[in-house]
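# Examining the three-dimensional arrangement
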Amino acid sequence: MLRYLGHRGQELTPELDRRIDELMERCLAVATPRMCTAEYPVESTGAGVRLVGTGLCLTGADIARHLEGARACALMGVTLGAAVEREILLLERRSMTDAVVFDAACTALVECVADRCESEIVGRARARGLYTNFRFSPGYGDLPLELQRDFLAALEASRRIGLTATETSLLLPRKSVTAVVGLFDRPQRSSKRGCESCNLRESCELRRRGTPCRGGGD
């Protein structure tokens with residue numbers, strides 16, 4: 001949470017430290033984390049990686065490399081729910097400082113939920129003798145963000161957890177994450193995605209500060 005706020009070790013005043021703790025607790029009280037997953041066989045085609053049985057085709061060289069050799073993939077979607085969005089709007093009217101701190105808490109929490117969901121995918125795969133790689137989201141590398149609606153349709157995310165996308169492919173509620181994890185018959189490299197494959201690398205404030213979001217880097 002402090003990383004999302006741009007904290008780089010500077011001393012926090014007692015008042016700010018107390019307020020951060022209060023807003024963290026408020027985030028935990030307001031959020032209703034939900035997750036859903038779906039698994040599909042994959043097929044490499046000239047157009048991209050097609051998820052058999054769906055209308056979703058994952059396009060781009062990065063996702064083709066990510067799923068090279070995969071027998072299937074797991075889609076995942078997580079969200080904190082609409083209540084946190086309403087809380088952010090209320091806080092913006094009262095105190096922008098509180099709104100920014102609360103927003104950072106929500107961002108940290110949704111990443112924790114995504115980690116939990118990914119861990120469950122990994123655990124189920126291991127129980128079946130399969131191997132996984134790390135999660136890869138629309139908007140990373142050259143995997144188009146515009147695939148969000150088809151991605152959510154394959155997950156049935158609207159019905160299952162109330163997660164939708166706007167016409168411009170932004171997730172609603174905003175504090176949500178979608179991603180794909182490859183399922184393989186053989187062990188995969190454990191290295192995480194680095195900044196060099198992210199479409200936001202040139203404008204990312206976290207990268208500029210030296211604290212990239214996934215612990216990677218150049």
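Residues numbered from 1 in each chain as written. Predicted model: local features only at pLDDT ≥ 70, side-chain atom pairs only at ≥ 80, totals over all residues. Heavy atoms only, no water.

### So, the pattern of salt bridges
On inspection of all chains with the given rule, the structure shows 17 salt bridges. Of the charged contacts in the structure, one is a salt bridge between arginine 94 and aspartate 98, with a shortest N-O distance of 3.3 Å. Close ionic contact of arginine 135 with aspartate 115 constitutes a salt bridge, the shortest N to O distance being 2.9 Å. Linking arginine 135 in the loop between strand E5 (131-132) and helix H5 (148-155) with aspartate 115 in helix H4 (residues 96-127), this pair joins segments that are 20 residues apart in sequence. Here aspartate 115 falls in the partly exposed class, since its relative accessible area comes to 34%. Each of Glu15, Arg18, Arg19, Glu22, Arg94 and Asp98 takes part in a single network of salt bridges with overlapping partners. (Salt bridge = Lys/Arg side-chain N within 4 Å of Asp/Glu carboxyl O. Helix = DSSP H or I, 4+ residues; strand = E, 2+ residues; numbered from the N terminus. Buried < 20%, exposed > 50% of the residue type's maximum accessible area, 1.4 Å probe, protein only.)

### Comments concerning the sheet that holds strand E3 (residues 57-58)
In space, the six strands of this open sheet follow the order E3-E2-E1-E4-E8-E5, with antiparallel pairing throughout. Since the sheet does not close on itself, it has two edges, and those belong to E3 and E5, each with one partner. Pairing between strand E1 (residues 34-44) and strand E2 (residues 49-51): three bridges, direction antiparallel. Across the sheet, the residue bridging to valine 42 is leucine 51, located in E2. Along the sheet, H5 contacts E1, E3, strand E4 (72-79) and strand E8 (176-184); its crossing angle with E4, the most-contacted strand, is approximately 100°. (Pairing = 2+ DSSP bridges. Contact = heavy atoms within 4.5 Å. Axes fitted to C-alpha atoms, helices over the stretch in contact; angles between N-to-C directions.)

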